[in-house]
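The chain contents come next:
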Amino acid sequence: MNLNKIKLKRSYFNEEIAELIGIIYGDGNLNIVKKNNTYRINITGNKETDYNYLTKYVSSLFERNFDIKPKIWIYKYRKAIAINIYSKKLLEYFLGLGMKVGPKKRLMVPRIILTNKKYKARFLRGILDTDFCLYFRNRNGINSYPRVISMFSDYNFTNQLKNLFFKFGIKASICKHITRLGNKVYLQHAIDISGKENLSNIIKNINFKNENNITKLKIWQRDGFCKTNLSLQERYNILNNKI
């Protein structure tokens, strides 16, 4: 699809775009700066663990579906990488699907996602690969018990996610989490997906595409455990029997 030749319409939609929406909900945002007439879609990640995911996998989703190549920005003084798409047409297309500009408050899963089970799965994949953390909890001295967790400020959105996961046999729980920063208190809602059966249903119905999650999963599947706080390179070394 060439943005210069074709008018984007809401009727144009597929599973990959559903995944992109999940990715933007997880680690991205839509921005409009009226002073200099800038329309930007931004997705930011960790430059060690998310580099290949953002520059190869996510970028390819934009190129295949919208014929537009994201610009890559590596932060000099932060452990971060971002991909940016500057396009008024594309940003307005996402707004037309129900997404919002600015801070991610009062989020709702776009209605079009809810019309198709494959859309739901790919949307969840996008948000799992960006905003959730997969790790293996210590049980009896071994990091073997799988947990997939995240936190959101909006309870209604968190509950929507819980209900979407349940449609794939994935049972999630929600609990309140209070964070204190200086004199300010922030209420967040933690969503927790725990246990082997839940992880098995994630793999079967949704799966991961971010190597940060894939490497942890492969080590656990092979060895029955995966230590926490390992770098991405250390995990690859373990998988290649270099450690």
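Structure report, in brief.

Thresholds, definitions, all that
Residues numbered from 1 in each chain as written. Predicted model: local features only at pLDDT ≥ 70, side-chain atom pairs only at ≥ 80, totals over all residues. Heavy atoms only, no water. Helix = DSSP H or I, 4+ residues; strand = E, 2+ residues; numbered from the N terminus. Rg over C-alpha atoms; globule rule 2.2 N^0.38 Å. Buried < 20%, exposed > 50% of the residue type's maximum accessible area, 1.4 Å probe, protein only. Contact = heavy atoms within 4.5 Å. Areas by Shrake-Rupley, 256 points an atom, 1.4 Å probe, with all protein chains shown as cover. Core = buried A, V, L, I, M, F, W, Y, C linked by side-chain atoms within 4.5 Å. Arc of directions from axis to C-beta. Patch = residues over 30% accessible without salt bridge, like charges linked within 9 Å, V, L, I, M, F, W, Y side chains within 5 Å. Salt bridge = Lys/Arg side-chain N within 4 Å of Asp/Glu carboxyl O. Pairing = 2+ DSSP bridges. Axes fitted to C-alpha atoms, helices over the stretch in contact; angles between N-to-C directions.

### What about the overall build of the protein?
Right, on to step 1. When you go through the protein residue by residue, the secondary structure sums to eight helices and eight strands.
Right, on to step 2. The C-alpha radius of gyration computed for the protein amounts to 19 Å, which stays within 12% of the reference 18 Å derived for 243 residues, consistent with globular compactness.
Right, on to step 3. The principal-axis extent of the C-alpha atoms belonging to the protein is close to 60 × 45 × 40 Å.
Right, on to step 4. Across the 243 residues in the protein, those meeting the buried criterion constitute 47%.
Right, on to step 5. At a minimum sequence separation of 6, the contacts of the protein that also span at least 24 residues come to 64%.
Right, on to step 6. Within the structure as shown, the protein displays about 13,700 Å² of accessible surface, and the carbon and sulfur contribution to it stands at 48%.

### A closer look at the environment of Tyr-53
Right, on to step 1. Its location among the elements puts Tyr-53 in helix α2 (residues 51–66).
Right, on to step 2. As a C-alpha pair, Tyr-53 and Asn-163 span 110 residues in sequence and 27 Å in three-dimensional space.
Right, on to step 3. For Tyr-53, the contacting residues outside a window of four places in its chain are Ile-23, Val-58, Gly-126, Asp-129, Thr-130, Lys-209 and Asn-210.

### Focus: the nonpolar core
Right, on to step 1. Ranked by size, the top nonpolar core spans 62 residues in total, and within it Phe-13, Val-58, Phe-62, Phe-94, Phe-123 and Phe-165 carry the most contacts.
Right, on to step 2. If sequence neighbours within four positions are ignored, Phe-165 has contacts with Leu-124, Leu-128, Phe-132, Ile-170, Ile-191, Ile-193 and Ile-206.

### Overview of helix α6 (residues 196–205)
Right, on to step 1. What α6 keeps buried is the set Asn-198, Leu-199, Asn-201 and Ile-202. Around the axis of α6, the buried residues are gathered within 160° of arc, so they sit on the same side. Turned more than 90 degrees off the buried face of α6, the exposed positions are Lys-196, Glu-197 and Lys-204.
Right, on to step 2. Packing partners of the buried residues in α6 comprise α4 (117–131), β5 (133–139), β6 (142–152), β8 (184–194) and α7 (211–223).

### Observations concerning a nonpolar patch on the surface
Right, on to step 1. A contiguous nonpolar surface patch, about 270 Å² in accessible area, is contributed by Tyr-51, Ile-72 and Ile-74.
Right, on to step 2. Among the secondary structure elements, Ile-72 is positioned in strand β3 (residues 71–74).

### So, the sheet that holds β3
Right, on to step 1. Across the sheet, four strands lie side by side as β1-β2-β4-β3; this open sheet has antiparallel pairing. Whereas interior strands pair on both sides, the edge strands pair on one side only; in this sheet they are β1 (28–33) and β3. Each strand of the sheet is rotated relative to its neighbour by a mean of 25°, with strand direction disregarded.
Right, on to step 2. Pairing analysis gives four bridges linking β3 to strand β4 (residues 80–86), with the strands arranged antiparallel. When the sheet's bridge partners are listed, Trp-73 is paired in β4 with Ala-82.

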